[in-house]
Amino acid sequence: MEKDVLNVENLNVIFGKKRILKNINFSIKEKEITVILGQSGCGKSSLLKSLNRIIEEEGGKIEGNIIIDGINFNDIPLQSLRTKIGLVFQNPTIFPFSIEKNLTYALKYHNNYDNKEIEKRKIELLKQTKLYDEVKDNLHMFAGKLSGGQKQRLSIARCLSVKPKIILLDEPCSALDVKNTMFIEEMLKELKDKYTIVIVTHNLAQAKRIGDNIIFMDNGEIIEIGKSEEFFNSPKKTLSKEYIQYMGT
Ligand SMILES: Nc1ncnc2c1ncn2[C@@H]1O[C@H](COP(=O)(O)OP(=O)(O)OP(=O)(O)O)[C@@H](O)[C@H]1O
Ligand SMILES: [Mg+2]
């Protein structure tokens, strides 16, 4: 049995007078893929952004406890928290540099690697994100010239470069074609050996293919949480049933 890597206890997030996350409680085990589902505006992105405290930079107030690897997040310095929990946004975030520099920048900045190690890690990241064959002869190309799917995989590679404990992905495939979506799903299944993954998607077929656990949210609350097969085969709550039926798989 793997151990808990994340415990969220009575999490509330408030903007001004509006509570957008209400009494959220869940735990995540190491090396599992957890999928967050729910209608637009229910708080999925806000939940991810709370876990690495980016929501506070947007003016949100966090109440409750988030415990990572047994340590309360209030006791973890911000930079270290963001190294432990990497967030990949829906729109790929790449630097206006070459492909190579996008990878090595984070490696040089966050790790004390020497040049030989940086080279080795760079190749490993490209292979992990299935970019290697596509870009190995063009590493000095401006990363802005990559396709959307390649940019998304590069931004995942950048996130992985600091070896986070938990990777959060917010709708990483929403703008991608089938080929890039399959690349990302295959990659996530492989990364599961080493990382704990939380992914938001509106694609139920994708959730079924890759998810070990489902968190289903509505209006800032968790409605149902459980193993993926159970959620899809025998949802317990009316809202979950309606959601599965409406989103249709
Ligand atoms: N910076 C902010 N200030 C005020 N309210 C916010 C802020 N960010 C999010 N909210 C509110 O929090 C609620 C949840 O938004 P969130 O973006 O987390 O939803 P979501 O489930 O990710 O939706 P989608 O599926 O469309 O991405 C919404 O009502 C939104 O208006
Ligand atoms: Mg969102």
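None of these values were measured; they are calculated from a predicted model.

Calculation criteria
- Going along each chain's sequence as written, the residues are numbered from 1 onward.
- Chain A is the first chain written and ligand 1 is the first ligand written, with later ones labelled in order.
- Thresholds applied to this predicted model are a pLDDT of at least 70 for local features of residues and 80 or more for the giving and counting of side-chain atom pairs; totals over whole chains, interfaces and linings are not thresholded and use all residues.
- Side-chain figures throughout are based on the complete set of non-hydrogen atoms in the structure, without hydrogens or water.
- Secondary structure elements are defined from DSSP: runs of H or I of at least 4 residues count as helices, runs of E of at least 2 residues count as strands, and each element is numbered from the N terminus.
- A radius of gyration in this sense is built from C-alpha atoms; the matching globule rule multiplies 2.2 Å by the number of residues raised to 0.38.
- For every residue, the accessible area (1.4 Å probe, protein chains only) is compared with the maximum for its type, and the residue is labelled buried under 20%, exposed over 50%, or partly exposed between those bounds.
- Note on definitions: a residue-residue contact is assigned when non-hydrogen atoms from the two residues lie within 4.5 Å.
- Methods summary: accessible areas were calculated by the Shrake-Rupley approach with a probe of 1.4 Å, and residue burial reflects only the protein chains presented.
- By the counting scheme adopted, Arg and Lys are positive, Glu and Asp are negative, and His together with the chain ends is not counted.
- All charge positions are set by atom: Lys at NZ, Arg at CZ, Asp at CG, Glu at CD.
- Take the buried residues of types Ala, Val, Leu, Ile, Met, Phe, Trp, Tyr and Cys, join any two whose side-chain atoms come within 4.5 Å, and each joined set is a nonpolar core.
- Residues are counted as near a molecule or strand when any one of their heavy atoms sits within 4 Å of it.
- In the analysis that follows, any N or O atom pair within 3.5 Å is treated as a polar contact, provided that within protein one partner can donate a hydrogen and the other can accept it, and provided that, for residues neighboring in sequence, both atoms belong to side chains.
- Fitted lines through C-alpha atoms serve as axes, helices being fitted only where they are in contact, and the angles separating the N-to-C directions of these axes extend from 0 to 180 degrees.
- Roughly parallel means an angle under 35 degrees; roughly antiparallel, over 145; roughly perpendicular, 65 to 115; everything else is oblique.
- Throughout, a crossing is termed right-handed when the near helix is turned clockwise from the far one, and left-handed when it is turned anticlockwise from it by less than a right angle.
- UniProt positions are given in the numbering used here, feature names are shortened, and annotations may be inferred rather than shown by experiment.
- A pairing counts as a salt bridge when a side-chain nitrogen of Lys or Arg comes within 4 Å of a carboxyl oxygen of Asp or Glu.

Visitor: Explanation requested: the overall build of the protein chain in the structure shown.
Guide: A count of helices and strands for the protein chain gives 11 helices and 10 strands. For 249 residues, the compact-globule formula gives about 18 Å, and the C-alpha radius of gyration of the protein chain, at 18 Å, lands near that figure. The dimensions of the protein chain, computed from C-alpha atoms along their principal axes, are 55 × 40 × 40 Å. For the protein chain, buried positions account for 50% of its 249 residues. Sequence-distant contacts, at least 24 apart, represent 67% of the contacts inside the protein chain between residues at least 6 apart. For the protein chain, the computed accessible surface area is about 12,100 Å², with 47% contributed by carbon and sulfur atoms. In the protein chain, which carries 38 positive and 33 negative side-chain charges, the distance between the mean positions of the two groups comes to 3 Å.

Visitor: Sorry, what's going on with the nonpolar core here?
Guide: The nonpolar side chains of a soluble globular protein tend to be buried with one another. Counting 41 residues, the largest nonpolar core has Leu 37, Leu 169, Leu 188, Ile 197 and Phe 232 as the members making the most contacts within it. Of all the elements, helix α7 (residues 148-160) adds the most residues to this core, at 5 residues. Beyond its immediate sequence surroundings of up to four residues, Ile 197 is in contact with Glu 32, Ile 33, Thr 34, Ile 167, Leu 169, Leu 188, Leu 191 and Lys 192. The next biggest cluster of nonpolar side chains, apart from the first, holds 31 residues, and it includes Leu 11, Phe 26, Ile 28 and Phe 73.

Visitor: What's the story with the site of ligand 1 in this structure? I'm lost.
Guide: In the vicinity of ligand 1 lie 14 residues, with Ser 40, Gly 41, Lys 44, Ser 45 and Ser 46 positioned nearest. Here Lys 18 contributes a side-chain N or O atom positioned 3.2 Å from an oxygen atom of ligand 1. Contact with the protein chains hides 65% of the accessible area of ligand 1, taken as 640 Å² for the molecule alone. The dominant element in the shell around ligand 1, judged by the number of residues it contributes, is helix α1 (residues 44-51), at 3 residues.

Visitor: Help me understand the packing of helix α4 (residues 99-110) against helix α5 (residues 115-128) in this model?
Guide: Pairs of packed helices are described in terms of their axes, by the angle between the two and the distance that separates them. Interaxial distance between α4 and α5 falls to 10 Å at its minimum, and their mutual angle equals 125 degrees. For the element pair α4 / α5, the angle class is oblique. Crossing geometry of α4 relative to α5 is assigned as right-handed. Along the contact surface, α4 presents Glu 100, Leu 103, Thr 104, Leu 107 and Lys 108, while α5 presents Ile 118, Arg 121, Lys 122, Leu 125 and Leu 126.

Visitor: Even after reading the chapter, I still don't get unusual backbone geometry, so can you show me in this structure?
Guide: The bulk of non-glycine residues show a negative phi, and the bulk of peptide bonds are trans. Its identity as a non-glycine residue notwithstanding, Asn 10 has a phi of 50 degrees, on the positive side. Looking at the element boundaries, Asn 10 is found in strand β1 (residues 4-15). Notably, Asp 69 is not glycine yet its phi reads approximately 55 degrees, a positive angle. Looking at the secondary structure, you find Asp 69 in the loop between β4 (61-68) and β5 (71-72).

Visitor: Before we go on, may I ask you to explain the side chain of Thr 196 in this structure?
Guide: With respect to the helices, strands and loops of the structure, Thr 196 is situated in strand β8 (residues 196-200). Taking relative accessible area as the criterion, Thr 196 reaches 1% and is therefore assigned buried. A polar atom in the side chain of Thr 196 sits 3.0 Å from the backbone nitrogen of Lys 31. Setting aside its immediate chain neighbours within four residues, Thr 196 contacts Val 5, Ile 28, Lys 29, Glu 30, Lys 31, Glu 32, Lys 165, Ile 166 and Ile 167.

Visitor: Can you help me understand the UniProt feature "domain: ABC transporter" (unreviewed entry) in the protein chain in this one?
Guide: UniProt tags residues 6-244 as "domain: ABC transporter" (unreviewed entry). Secondary structure over residues 6-244 splits into 40% helix and 27% strand, and the C-alpha atoms at its two ends are 27 Å apart.

Visitor: Would you take a moment to explain the pattern of salt bridges for this structure?
Guide: Opposite charge on two side chains makes pairing possible when the charged atoms of those side chains draw close. This model, assessed by the stated rule, comprises 18 salt bridges. Residue Lys 165 is joined to Glu 30 by a salt bridge in which the shortest nitrogen-to-oxygen separation is 3.4 Å. Of the two residues, Lys 165 sits in the loop between α7 and β7 (166-170) while Glu 30 sits in the loop between β2 (18-29) and β3 (33-38), which places them 135 residues apart along the sequence. Overall, the relative accessible area of 13% leaves Glu 30 in the buried class. In this structure, Glu 185 engages Arg 209 in a salt bridge whose closest nitrogen and oxygen atoms are separated by 2.6 Å. Of the two residues, Glu 185 sits in helix α8 (residues 178-191) while Arg 209 sits in helix α9 (residues 204-210), which places them 24 residues apart along the sequence. Accessibility expressed as a relative area gives 1% for Glu 185, which makes it buried.

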